[in-house]
Amino acid sequence: MSNENIQYQEDDPNFQNLNDYQEEKEEEYVSNESFDSSTSTSVISWITWYCSLPGHEFFIEVPEEFIEDEFNLYGLRAIVPMYEEALDMILDLDDENPPPSSDLPKIERSAELLYGLIHQRFILTKLGLSLMKLKHKEARFGVCPRVYCYYSPVLPCGMTDIPGKVNVKLYCPRCGDLYTPKLKKYKNIDGAYFGTTFPHLFFLTFPELLPKNSLANPVDYELEEKNELQANEENNNENENENENENINEEDKEKNEERTYDIYTPKIFGFKIHETSQSGQRMKWLRWREGYKSKIEEIKTLPDVYTDD
Amino acid sequence: MEVSSGSDYTRYWLEYFLSIQGHELFCEVEESYILDRFNLTGLNTEVEHFHYALQLITDSLEEDIEDANLRHEIEKSAVKLYGLIHARYIITNRGLARMVEKFRRGDFGKCPRVLCQRQHVLPVGLTDVPFQKSVRLYCPRCEDIYFSSNKKHNCIDGAFFGTTFPHLLLQVYPQFIPIRTQERYVPKIFGFKIHAIAEQHRKQDEVYKENMKRIEAVPEE
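Bear in mind the structure is a predicted one, so any value in this text is a computation, not a measurement.

**Structural notes on the overall build of chain A**
Along chain A, the regular secondary structure elements total 13 helices and 5 strands. Long-range pairs, those at least 24 residues apart, make up 67% of the contacts in chain A with a sequence separation of at least 6. Counting every atom, chain A has about 17,700 Å² of accessible surface; 50% of that belongs to carbon and sulfur.

**Overview of the domain arrangement of chain A**
All names here are of chain A. According to the domain assignment, chain A contains domain 1 (3-33 + 44-209), domain 2 (220-260) and domain 3 (263-302). Counting from both sides, the interface comprises 6 residues of domain 1 and, opposite them, 6 residues of domain 3. Carbon and sulfur atoms make up 42% of the surface buried where domain 1 meets domain 3, a total of about 480 Å² over both sides. The interface formed by domain 1 and domain 3 holds 1 salt bridge in total. The partner of Arg287 in a salt bridge is Asp177, and the shortest N-O contact between them spans 3.0 Å.

**Section: the packing of helix α6 (residues 93-105) of chain B against helix α7 (residues 165-172) of chain B**
All names here are of chain B. In the contact formed by α6 and α7, the axes pass within 11 Å of each other and the chain directions differ by 95°. Between α6 and α7, the crossing angle belongs to the class labelled roughly perpendicular. Here Leu96, Met99, Val100 and Phe103 of α6 come into contact with α7, specifically with Phe165, Leu168, Leu169 and Val172. Grouping the amino acids of the contact of α6 with α7 by side-chain chemistry returns 8 nonpolar, no polar and no charged.

**Overview of the interface of chain A and chain B**
Taken together, the contacts link 49 residues of chain A with 50 residues of chain B. For the pair chain A and chain B, the number of links is 5 salt bridges. As a salt-bridge pair, Arg214(B) and Glu275(A) come within 2.6 Å of each other at their nearest N and O atoms. For the interface between chain A and chain B, the tally reads 23 residue pairs in polar contact (both at pLDDT 80 or more). Those elements giving two or more residues to the side of chain A that touches chain B turn out to be β2 (169-172), β3 (177-179), α9 (198-205), β4 (267-268) and α12 (284-287) of chain A. The biggest single contributor to the side of chain A that touches chain B is α12(A), with 4 residues. Of the residues assigned to the side of chain A that touches chain B, the class counts are 26 nonpolar, 11 polar and 12 charged.

**Quick notes on the packing of helix α1 (residues 12-19) of chain B against helix α5 (residues 68-89) of chain B**
All names here are of chain B. Their axes nearest at 12 Å, the elements α1 and α5 cross at an angle of 80°. Of the possible angle classes, the one that applies to α1 and α5 is roughly perpendicular. Along its contact with α1, which presents Trp13, Leu14, Phe17 and Leu18, the element α5 presents Ala78, Val79 and Tyr82. Class assignment for the residues of the contact of α1 with α5 results in 7 nonpolar, no polar and no charged.

**With respect to the confidence of the model for chain B**
Any segment with low pLDDT has predicted coordinates that should not be analysed in fine detail. Residue and element names in this part refer to chain B. Mean pLDDT over chain B: 90, with 95% of residues reaching 70 or higher. Low pLDDT, under 50, characterises residues 1-8; the predicted model gives this stretch 13 contacts beyond four residues in sequence or across chains. Interface confidence for the predicted complex, expressed as ipTM, amounts to 0.87; the pTM equals 0.81.

**Quick notes on helix α6 (residues 83-90) of chain A**
Residue and element names in this part refer to chain A. If you check which residues of α6 are buried, you get Tyr83, Ala86, Leu87, Met89 and Ile90. End-on, the buried residues of α6 take up no more than an arc of 160°, which puts them together on one face. Tucked inside the fold, the buried residues of α6 contact α3 (46-51), α4 (64-68), α5 (76-79) and α7 (104-122). Of the residues one or two after α6, Asp92 is the one with positive phi, at around 55°.

**Considerations on the packing of aromatic side chains**
Residue and element names in this part refer to chain A. Across all of its chains, the model carries 33 aromatic pairs over all chains by this definition. Between Phe59 and Tyr115 the ring centres are 6.3 Å apart and the planes differ by 55°, which places this aromatic pair in the tilted class. Of this pair, Phe59 sits in the loop between α3 and α4 while Tyr115 sits in helix α7, and the two are 56 residues apart along the sequence. Accessibility expressed as a relative area gives 0% for Tyr115, which makes it buried. Judged by centre distance (6.2 Å) and plane angle (45°), the rings of Phe59 and Tyr193 are tilted.

**Examining unusual backbone geometry**
All names here are of chain A. Its identity as a non-glycine residue notwithstanding, Asp92 has a phi of 55°, on the positive side. You can see Asp92 is positioned in the loop between α6 and α7. Phi is positive for Tyr150, which is not a glycine, with a value near 50°. Here Tyr150 is to be found in the loop between α8 (126-137) and β1 (155-157). Given the relative accessible area of 25%, Tyr150 is considered partly exposed.

**Here's the deal with the pairing of strand β2 (residues 136-139) of chain B**
Residue and element names in this part refer to chain B. Judged by which residues are buried, β2 turns out to be covered on both faces: Arg136 and Tyr138 on one side and Leu137 and Cys139 on the other are all buried. Note that strand β1 (residues 122-124) and β2 share 3 bridges and pair antiparallel. Residue pairing across strands places Leu122 opposite Tyr138, the latter belonging to β2. Here β2 runs beside strand β3 (residues 144-146); their pairing, made up of 3 bridges, is antiparallel. Across the sheet, residue Tyr138 finds its bridge partner in β3, namely Ile145. Between β2 and β3, which pair antiparallel in sequence order, lie 4 residues; one of them, Glu143, sits at a positive phi of approximately 55°.

**Notes on the sheet that holds β1(B)**
All names here are of chain B. The sheet built from 3 strands is open, its strands ordered β1-β2-β3 with antiparallel pairing. Of all the strands in the sheet, just β1 and β3 have a single pairing partner and so form its edges. When the angles between neighbouring strand axes are averaged without regard to direction, this sheet yields 45°. Here α7 sits on the sheet and contacts β1 and β2; the angle it forms with β1, its principal contact strand, is near 140°.

Here is what the cut-offs are and how they apply
- Residues numbered from 1 in each chain as written.
- Chains lettered and ligands numbered in written order.
- Predicted model: local features only at pLDDT ≥ 70, side-chain atom pairs only at ≥ 80, totals over all residues.
- Heavy atoms only, no water.
- Helix = DSSP H or I, 4+ residues; strand = E, 2+ residues; numbered from the N terminus.
- Contact = heavy atoms within 4.5 Å.
- Areas by Shrake-Rupley, 256 points an atom, 1.4 Å probe, with all protein chains shown as cover.
- Domains from an automatic or database assignment.
- Buried area = accessible area lost by both parts, 1.4 Å probe.
- Salt bridge = Lys/Arg side-chain N within 4 Å of Asp/Glu carboxyl O.
- Axes fitted to C-alpha atoms, helices over the stretch in contact; angles between N-to-C directions.
- Parallel < 35°, antiparallel > 145°, perpendicular 65-115°, else oblique.
- Nonpolar A, V, L, I, M, F, W, Y, C, P; charged D, E, K, R; others polar.
- Polar contact = N/O pair within 3.5 Å; in protein donor to acceptor, adjacent residues only side chain to side chain.
- pLDDT = per-residue confidence, 0-100.
- Buried < 20%, exposed > 50% of the residue type's maximum accessible area, 1.4 Å probe, protein only.
- Arc of directions from axis to C-beta.
- Phe/Tyr/Trp six-rings, centres within 6.5 Å; stacked < 30°, edge-to-face > 60°.
- Pairing = 2+ DSSP bridges.

Below, the structure is given as structure tokens:
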């Protein structure tokens, strides 16, 4: 439940109005800059402003040192139009010959593209990964919409590294699948600004952050059961106090309740549909992993009545 | 809350109920179905203030109920009663026909999984006991269940749709079963597959092959 609540805090019921809000905010910013450029509003850097826009919650602030290093920008000059002006805008550098105001919208678009591509490179560095780790820990990217992933936190992921093709998707490490973000404001964010590599490199760098029973590291239920049985036997031999035994039973119950992964089984009036039926289950393989055993089915397995007779 | 004094032709309560945000998942249950006592067997023990609630649903509540608490309770019971009737109605022939129309229009939403390519989904409950779990969405292409992206749907009881409904619908209308492919998302780092995940994918392929073998071994009718 707590995870569910975290997720809802992100949900703004008025998210449809956010686009208007964004435009308003942009206008506000532009007017502030043109009228009183010396006051405190101009202290906010372009990068901070850009990352605080609604819908841009997935971005992290790339440090200026990273952008100032020409090596990190290698090859971007060919992709981004009006490269110099865009770079000046991102770094808030005042040009001696300011570009004509008619070019401003163009430069803004270029700056967005350039920042996105730098962001794609930056989040693969050591510092970038650890900054994203902080966001991931708070589940700021949301949780998996799949019911039997039990609110596993997700990471943003692109489907291609070429900008302007596909919007950002969410990768769930538990089921290893891609999902569309549920809020409309994320539908205009380019997936290339995060890249295809990021979530996978993230979990290779921080394997301890992989959720329990993820696709890359599945739990072998049979092996676990054996271990549990052994541990219980040892415990039973050691402790003969009834009180302590009760404690163990409670712990066992908690373990059983702590489900981390399951596969959905379609049922009609409680009966499974036969797999040879036209509407039978054909996609079980997609969610299957090594050592999988359904905890739901296990509970409902009845003893065979006929063998006793 | 509008309570009419016994006009049978406009259904004020139902109209109001279906117009609530998030209630677009429900379909309109025919009045004749509600009025047939056989269809309500067993519900009078499950729903409090059954008779008042039934009268409220059918807009035939004649007494004025002055007690605000009681009125509130009756309103709550009416929602529960309508939901439970709805769960029974949508697995009848006529109910399925109405729901399939909504499914075709995409009233229930779309699958969040990228590779399902906006496949229309169906509402499903995780249990048939009311007030346990909210409604979930079943995608017939990946055969999995998801949370709804609409926050309003989290307040709708899953038992008002039941565990059976989507699967029965696809049995009755097999033409709506989408083509299921062996497509899957392959995570890659700089274009290279990840060993641990590729290993699991190979094992999934084995499960798929075994499954297909079993299915193909059965002679077609």
